[in-house]
Each structure stands twice: as structure tokens, then as C-alpha cells.
Amino acid sequence: DLIIMLLSYQKNEGNLSSLAIKKRAEDWAKNGIDTLEAAVSEISYLETIQKTFVEIKAFVGYDTEKPSPQIAKYLRAWAVNWGFSTEMILHALNESGKSFSEANKLLKKWHALNITTVTDAEYKKKKIDKVSKKVQVTCICNLYLSYAYS
């Protein structure tokens, strides 16, 4: 049954080459996908990754049908493991200048801080900017006072 599911998935992906089937089978074995339930979950994850990629690829300027392995790894973390919406992923990519590695750092921080919406992210950013400006003003004042009284 597991082999039939793997073949069915590969057929839906449009890639029934023996090499693609072998690679998928090896990936599943390496990741402990050895039951129908695990295969159903993995296929759901792969579909989420593909759906997210389709929704962001125009924004980042990609014209490929499928994400590269590295991009797929990021999307698995962001959309599957951390549960970020496409809107949040696009926001992070926009904030990071479309850099996946920088967006990953930002999303990792947001995940740790339980920031789940663009509104929350913007609020946190404004709060941090406000504190940063206070620190800058304080430093400038301290420098001026130290110079003026020396």
C-alpha cells in the first residue's frame, strides 16, 4: 500500500521516472516514512510546500514550477513546522529584501516570540524602533554632556 501511495504521488507530480521514484523512496525511508499514515502526512506537507511556493514565487522572481531543495527546506520550516501563513512569509521576505536566509532569521524570531500576524509583526517592529530611537537620543545626549563638561 505504501508503494502504491508513493507511485500515486509521483504520478500526480508528473514524474514517474525510475530515478525520481527511487529518490522519493529513499527520502521517505531516510525520514522514517514507513506507514500509510506517515505517507499521508508527508504528502500533505509536500502539498503545503508546493502551494506556498506557487503563492510566493512571483514575488521573489522565480519562474520555476518547483522550489529548489533549499527553498523547500525553508518552506517546510515556515509553513509546515511553524505554521506561518503565506501572508507572513511574504511579509518576512519583503522585510528581508527577498533573501530567504534573512527571512528565515526573521521568521525564527517571530516564531519564538509567538508573532503570528503581520499586524503583530508591525507592532513589534514599531515598538523596537521606538526603543532604539530613545537609546540613540540618550547616547547622543550623554556624548554631548560628556564633551560639554570635559
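Here is a short report on the structure shown in this document. The shown structure was predicted, so the numbers you read here are calculated from the model rather than taken from an experiment.

Let's talk about the side chain of Glu42
Here's step 1: Note on placement: Glu42 falls in helix H3 (residues 36-60).
Here's step 2: The class of Glu42 is buried, set by a relative accessible area of 10%.

Side note on the packing of H3 against helix H5 (residues 86-95)
Here's step 1: Across the interface, H3 lies against H5 with an axial gap of 10 Å and an inter-helix angle of 25 degrees. Considered as vectors, H3 and H5 are oriented roughly parallel to each other. Here H3 and H5 pass one another in a crossing that is right-handed. Across the interface between the two elements, Thr52, Glu55, Ile56, Phe59 and Val60 of H3 pack against Thr86, Ile89, Leu90, Leu93 and Asn94 of H5.
Here's step 2: Classifying every residue of the contact of H3 with H5 by side-chain character gives six nonpolar, three polar and one charged.

Quick notes on the environment of Thr52
Here's step 1: Its location among the elements puts Thr52 in helix H3.
Here's step 2: With a relative accessible area of 5%, Thr52 lands in the buried category.
Here's step 3: In the structure, Thr52 is positioned 28 residues away from Val80 in sequence and 10.0 Å away in space, judged by C-alpha atoms.
Here's step 4: Ignoring any residue separated from it by four or fewer positions in sequence, one finds Thr52 in contact with Leu75, Ala79, Thr86 and Ile89.

Considering the pattern of salt bridges
Here's step 1: For the coordinates displayed, the defined rule picks out eight salt bridges.
Here's step 2: The residue Glu55 makes a salt bridge to Lys51 at a minimum N-O spacing of 3.2 Å. Here Glu55 and its partner Lys51 are both found in helix H3, four residues apart, which amounts to about one turn of the helix.
Here's step 3: Across the pair Glu102 and Lys105 runs a salt bridge whose closest N-O atoms are separated by 3.1 Å. Here the residue Glu102 and the residue Lys105 both occupy positions in helix H6 (residues 100-112), the gap between them amounting to three residues, near one helical turn.
Here's step 4: The class of Glu102 is partly exposed, set by a relative accessible area of 37%.

Examining the nonpolar core
Note on soluble globular proteins: their nonpolar side chains tend to be buried together.
Here's step 1: Core analysis: the biggest nonpolar cluster contains 24 residues, and Trp78, Ile89, Leu93, Phe100 and Trp110 have the highest contact counts within it.
Here's step 2: Of all the secondary structure elements, the ones that give two or more residues to this core are H3, helix H4 (69-81), H5, H6 and helix H7 (118-148).
Here's step 3: Counting residues per element, this core draws most heavily on H4, which supplies seven residues.
Here's step 4: When near neighbours in sequence (up to four residues on either side) are disregarded, Phe100 contacts Ile56, Val60, Tyr62, Ile71, Tyr74, Trp78 and Leu93.
Here's step 5: If you look at the next biggest cluster of nonpolar residues, it comprises seven residues, including Trp28, Ile33, Ala39 and Leu46.

Remarks on the packing of H4 against H6
Two packed helices can be described by the angle between their axes and the distance between those axes.
Here's step 1: Close contact between H4 and H6 brings their axes to 11 Å; oriented N to C, the two are set at 15 degrees. When the axes of H4 and H6 are compared, the pair comes out roughly parallel. The element H4 and its partner H6 pack so that their crossing is left-handed. Of H6, the residues touching H4 (which contributes Ile71, Tyr74 and Trp78) are Phe100, Ser101, Ala103, Asn104 and Leu107.

Examining helix H2 (residues 18-30)
An α-helix turns once every 3.6 residues. As a result, residues three or four positions apart point the same way.
Here's step 1: Taking 1.5 Å per residue, 13 residues should reach 18 Å; H2 reaches 18 Å between its end C-alpha atoms and fits that length.
Here's step 2: Positive phi shows up at Gly32, right after H2, with a value of about 75 degrees.

What counts as what
- Throughout this document, residue positions are counted from 1 along each chain, in the order its sequence is written.
- Totals for whole chains, interfaces and linings use all residues, but because this is a predicted model, local features are given only for residues with pLDDT of at least 70 and pairs of side-chain atoms are given and counted only at 80 or more.
- Heavy atoms throughout the structure, all of them, feed into the side-chain values; hydrogens and water do not.
- Runs of H or I in DSSP of at least four residues are treated as helices and runs of E of at least two as strands, each being numbered from the N terminus.
- Only protein chains enter the accessibility calculation, which uses a 1.4 Å probe; a residue whose area is less than 20% of its type maximum is buried, one above 50% is exposed, and one in between is partly exposed.
- Helix axes are fitted only over the stretch in contact, all axes being lines through C-alpha atoms; the angle between N-to-C directions runs from 0 to 180 degrees.
- Comment on the angle field: the value is read as roughly parallel under 35 degrees, roughly antiparallel over 145, roughly perpendicular from 65 to 115, and oblique elsewhere.
- Each crossing gets its hand from how the near helix is turned against the far one by less than a right angle, where anticlockwise is left-handed and clockwise is right-handed.
- Any two residues whose heavy atoms approach within 4.5 Å are treated as being in contact.
- Under this grouping Gly is polar, as are all residues other than the nonpolar Ala, Val, Leu, Ile, Met, Phe, Trp, Tyr, Cys and Pro and the charged Asp, Glu, Lys and Arg.
- A side-chain nitrogen of Lys or Arg and a carboxyl oxygen of Asp or Glu constitute a salt bridge if their distance falls within 4 Å.
- Nine residue types can take part in a nonpolar core, namely buried Ala, Val, Leu, Ile, Met, Phe, Trp, Tyr and Cys, and a core is a set of them joined through side-chain atoms within 4.5 Å.
- To estimate the expected span of a helix, subtract one from its residue number and multiply by 1.5 Å.

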